[in-house]
Amino acid sequence: MASGDKVTSMQEAVAELVSDGDTVAIEGFTHLICFAAGHEIIRQRKRDLTLCRLTPDVIYDQMIAGGVAKKLVFSWLGNPGVGSLHAVRRRVEGKEGNPLELEEYSHFGMICRYVAGAADLPFFPIRSYAESDLPKANPRIVPIESPYGGESIYAVPPLNPNVAIVHAQRADVNGDTQIWGVLGCQKEAAFAADRVIVVVEELVDEPVIRRDPNRTVIPGMIVDAVVVEPRACHPSYAQGYYDRDNRFYLDWEAISRDPASLEAWLKEWVFDLGSHGEYVEKVGQERWAALTPKESWSDPVNYGEYT
Amino acid sequence: MTERAQHGRPYTAAEMMIVASSRQLEGERVCFVGVGPPNIACNLAKRTVAPDLELVYESGVFGAVPARLPLSIGDPTLVTGAALVANQFELFAYYLQAGLIDVGFLGASQIDRYGNINTTVIGGYDTPKVRLPGSGGACEIAINAKKVFVIMPQSNRTFVERIDFITSPGHRDGKRPPGWGGGPSVVVTNLAVYRFAESAGEMEVASLHPGVSLDHVRENTAWDIRVAVTLEQTPPPTEDELRLIREELDPEGVYTR
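These numbers come from a predicted model, not from an experiment.

Chemist: What am I meant to see in the sheet that holds strand β6 (residues 124-126) of chain A here?
Modeler: What holds strands together in a sheet is hydrogen bonding between their backbones, with the strands either parallel or antiparallel. Residues and elements named next belong to chain A. Judged by pairing direction, the sheet is antiparallel, and its 3 strands sit side by side in the order β6-β8-β7 without closing on themselves. Because the sheet does not close on itself, it has two edges, and the strands there are β6 and β7 (142-145). Neighbour to neighbour, the strand axes of the sheet diverge by 45° on average, direction disregarded. Bridge analysis of β7 against strand β8 (residues 152-156) gives 4 bridges, and the strand direction is antiparallel. Within β8, the position partnered with I144 by the bridge is I153.

If you want it as structure tokens, here you go:
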């Protein structure tokens with residue numbers, strides 16, 4: 001891994017670090033979902049990806065409609081608070097295109113898969129799945145006996161994506177990355193992955209990171225590229241920067257229900273735009289203003305100076 | 001189904017379902033909250049019968065004090081002012097799996113008499129008629145929460161003899177494996193409140209909502225449903241409950257009209 005300045009463009013990061021056939025995780029639980037990375041992957045017409053996420057969300061509906069995926073690894077398949085992901089459902093229900101291969105877990109199962117991947121373990125034990133049909137649907141969820149006797153639990157296998165893409169509020173040029181708000185399982189996904197792309201709202205000087213090291217979630221040591229792309233999570237949100245654009249999530253229901261309107265949306269909002277900068281402009285100042293929260297600062301803490 | 005409240009416009013079946021759910025939280029302490037109706041029910045309970053309720057969201061937020069109705073379980077309004085934000089491994093492992101959650105709320109597309117829940121698929125798994133969202137955190141909530149409350153609309157297509165897929169296990173034949181939480185304890189629908197007979201782990205009608213007859217319940221249940229020894233009437237929503245829902249918790253009526 002090269003040291004020093006890892007800052008690059010989204011176009012270059014995706015071109016260099018995401019290959020056809022890769023297993024890709026764009027994580028972020030409701031919060032910090034990097035739509036801009038998904039759009040760039042669609043724009044570069046990557047193919048045969050295995051997409052991993054707890055909640056595939058609208059971003060994977062878009063990517064699957066964009067033809068980039070052959071397989072989905074997930075735990076909750078819906079448009080949160082709204083309804084269905086229709087592009088995914090059409091492929092799963094056999095109504096459109098090649099069948100999409102599914103590998104299905106529960107949330108905790110997916111999280112533990114990343115944990116096992118990050119910790120280099122052959123499996124992770126959890127109490128979920130007994131008496132459920134999920135192990136029948138997914139033979140990789142396996143019952144095991146405790147080696148210390150007495151208890152039967154389940155094992156899930158490690159998940160080691162080729163690439164993890166994580167959005168964050170800020171990082172420095174080394175890739176030391178700070179996140180606040182809902183943390184999801186981005187840290188685990190990043191440590192589990194071979195390659196890590198961090199996308200940030202703001203690039204900050206190294207001392208800003210070092211003055212608050214407890215907030216650093218991902219060390220630059222495991223980061224391959226830092227992409228500075230403000231507002232890259234829209235219509236998802238970044239705590240303290242912009243709110244979730246719930247109107248978009250509601251609108252997506254009608255857009256994704258109709259294959260023709262979904263195709264038109266991808267043309268207008270992905271293929272006809274050269275970059276996320278153009279997308280931000282197209283969303284428009286009025287909408288950005290409506291999505292900007294009032295400020296609510298935490299109090300500084302005293303780390304002390306020990307000389 | 002709608003009845004007139006003491007004042008104002010009639011309450012809806014959805015409002016009755018949410019109010020009846022919130023009342024079940026009386027005396028409870030730590031609640032794992034789902035999005036939609038459970039979220040409104042929990043926030044209503046916090047303002048009425050359970051002021052000390054800690055709201056825990058599977059996004060990792062503990063002790064949330066949402067200033068607006070959260071649009072999702074990971075809404076930023078849950079974070080600002082919360083007691084703690086954990087990463088999701090900690091939340092599921094230390095809080096849920098280790099048994100710190102008193103009540104977990106689940107929705108369901110199908111439920112059987114033992115409280116087994118399907119949110120995965122209608123039809124066969126490999127040849128689905130309808131592909132539903134799947135487990136999310138439901139499978140582990142059903143297993144690990146001390147009690148499970150279910151909120152769902154009722155018909156003989158949702159209250160079924162045999163569910164198409166067990167996403168989240170209930171009581172089976174009244175037996176839960178050692179180390180598990182207590183499983184489903186209450187089911188609240190648009191028609192009635194149900195509890196589980198302790199011996200058999202089987203659902204029984206405990207309380208009929210206003211205007212709902214036992215025949216109506218039977219028509220909307222695909223098995224021969226048991227009836228509690230003392231069948232009660234659900235009191236209609238109070239003015240205060242309706243005011244909180246309509247003015248504070250769901251002013252646009254997204255989940256309650």
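Chemist: Looking at this model, I keep getting lost on the interface of chain B and chain A. Mind explaining?
Modeler: Where interface size is quoted, it is often the accessible area lost as the parts come together. Across the contact, 39 residues belong to chain B and 40 residues belong to chain A. Broken down by secondary-structure element, the contributors of at least two residues to the side of chain B that touches chain A are α3 (76-79), α4 (88-97), β9 (128-131) and α5 (138-144) of chain B. For the side of chain B that touches chain A, the per-class residue count stands at 18 nonpolar, 16 polar and 5 charged.

Chemist: I would appreciate a short explanation of the packing of helix α2 (residues 37-47) of chain B against helix α7 (residues 239-249) of chain B in the present structure.
Modeler: A pair of packed helices can be characterised by two numbers: the angle between their axes and the separation between those axes. Residues and elements named next belong to chain B. The N-to-C vectors of α2 and α7 enclose an angle of 120°; their axes lie 11 Å apart at closest approach. The angle between α2 and α7 falls in the class oblique. Seen along the crossing, α2 lies across α7 with a hand that is right-handed. For the pair α2 and α7, the contacting residues are I40, N43, L44 and R47 in the first and E241, L244, I245 and L249 in the second. Across the contact of α2 with α7, the residue classes break down as 5 nonpolar, 1 polar and 2 charged.

Chemist: When you look at helix α5 (residues 107-119) of chain A in this model, what are you seeing that I'm missing?
Modeler: For an α-helix, 3.6 residues make a turn, and residues three or four places apart therefore share a direction. With 13 residues, α5 of chain A extends 18 Å from end C-alpha to end C-alpha; this agrees with the ideal 18 Å at 1.5 Å per step. α5 of chain A sits mainly inside the fold: 12 of its 13 residues count as buried. Listing the buried residues of α5 of chain A in full gives H107, F108, G109, M110, I111, C112, R113, Y114, V115, A116, G117 and A118 of chain A. Taken together, the buried residues of α5 of chain A touch β6, β8 and α7 (186-192) of chain A together with α4 and α5 of chain B. Count one or two residues on from α5 of chain A and you reach D120 of chain A, which has phi positive near 55°.

Chemist: Teacher, can you tell me more about the packing of helix α1 (residues 10-17) of chain A against helix α2 (residues 35-43) of chain A here?
Modeler: Residue and element names in this part refer to chain A. Between α1 and α2, the least distance of the axes is 10 Å, while the angle of their chain directions is 60°. Taken together, the axes of α1 and α2 are oblique relative to one another. You can see that α1 and α2 cross each other, and the crossing is right-handed. Between α1 and α2, the residues in contact are M10, Q11 and V14 and A36, A37, E40 and I41, respectively. Tallied by class, residues from the contact of α1 with α2 come to 5 nonpolar, 1 polar and 1 charged.

Chemist: What is the right way to read the environment of Y114 of chain A from this model?
Modeler: All names here are of chain A. Of note, Y114 is situated in helix α5. Owing to 31 C-beta atoms within 10 Å, Y114 belongs among the buried residues under this scheme. C-alpha separation for the pair Y114 and A192, spaced 78 residues apart in sequence, amounts to 5.9 Å.

Chemist: What is the right way to look at the nonpolar core in this model?
Modeler: Considering soluble globular proteins, one finds that nonpolar side chains tend to be buried as a cluster. Ranked by internal contacts, the top residues of the largest apolar core, which has 167 residues, are C34, A37, I197, V198 and V199 of chain A together with F32 and V150 of chain B. Of the residues forming this core, the biggest block, 8 residues, is contributed by α5 of chain A. Sequence-distant contacts of F32 of chain B, that is, excluding residues within four places in its chain, are made with V56, E58, L96, I101, V103, G104, F105, I141 and A145 of chain B.

Chemist: Hey, could you run me through the pairing of strand β13 (residues 225-228) of chain A in this one?
Modeler: Residues in a regular strand project their side chains so that they alternate between the two faces of the sheet. All names here are of chain A. As paired elements, strand β1 (residues 7-8) and β13 share 2 bridges and run parallel to each other. Residue pairing in the sheet places T8 in a bridge with V227 of β13. Strand direction decides the pairing type here: strand β11 (residues 195-203) and β13, joined by 4 bridges, are parallel. Bridged to I197 within β13 is A225.

Chemist: Teacher, can you tell me more about unusual backbone geometry here?
Modeler: Outside of glycine, negative phi angles account for most residues, and trans bonds account for most peptide bonds. Residues and elements named next belong to chain A. Looking along the chain, the bond that leaves H234 and enters P235 is cis, with omega of 10°. Residue position: P235 is located in the loop between β13 and α9 (246-257). One non-glycine residue, D120, adopts positive backbone phi at about 55°. You can see D120 is positioned in the loop between α5 and β6. For Y129, which is not glycine, the phi torsion reads 90° and is therefore positive. Here Y129 shows up in the loop between β6 and α6 (134-137).

Chemist: So what exactly am I meant to see when it comes to the pairing of strand β5 (residues 101-104) of chain A here?
Modeler: All names here are of chain A. Relative to β5, strand β4 (residues 69-74) runs parallel, the two sharing 4 bridges. Note on β5: the bridge partner recorded for F74 is E104. For the segment spanning β4, helix α4 (residues 86-92) and β5, crossover handedness is right-handed.

Chemist: Looking at this structure, I do not really get helix α10 (residues 259-271) of chain A. What am I missing?
Modeler: Residues and elements named next belong to chain A. If you check which residues of α10 are buried, you get L262, L266 and V270. Seen along its axis, α10 keeps its buried residues to an arc of 40°; they face one direction. Away from the buried face of α10 by more than 90 degrees, exposed residues A260, S261, A264, K267 and E268 are located. Against the buried residues of α10 lie α2, α3 (57-65), α4 and α9.

Scoring rules and cut-offs
Residues numbered from 1 in each chain as written. Chains lettered and ligands numbered in written order. Predicted model: local features only at pLDDT ≥ 70, side-chain atom pairs only at ≥ 80, totals over all residues. Pairing = 2+ DSSP bridges. Helix = DSSP H or I, 4+ residues; strand = E, 2+ residues; numbered from the N terminus. Axes fitted to C-alpha atoms, helices over the stretch in contact; angles between N-to-C directions. Contact = placed C-beta atoms within 7 Å. Nonpolar A, V, L, I, M, F, W, Y, C, P; charged D, E, K, R; others polar. Parallel < 35°, antiparallel > 145°, perpendicular 65-115°, else oblique. Left-handed = near helix turned anticlockwise from the far one by under 90°. Expected span 1.5 Å × (residues − 1). Buried ≥ 20, exposed ≤ 12 C-beta atoms within 10 Å, placed from the backbone. Core = buried A, V, L, I, M, F, W, Y, C linked by C-beta atoms within 7 Å. Right-handed = clockwise from strand over helix to strand, strands pointing away. Arc of directions from axis to C-beta.

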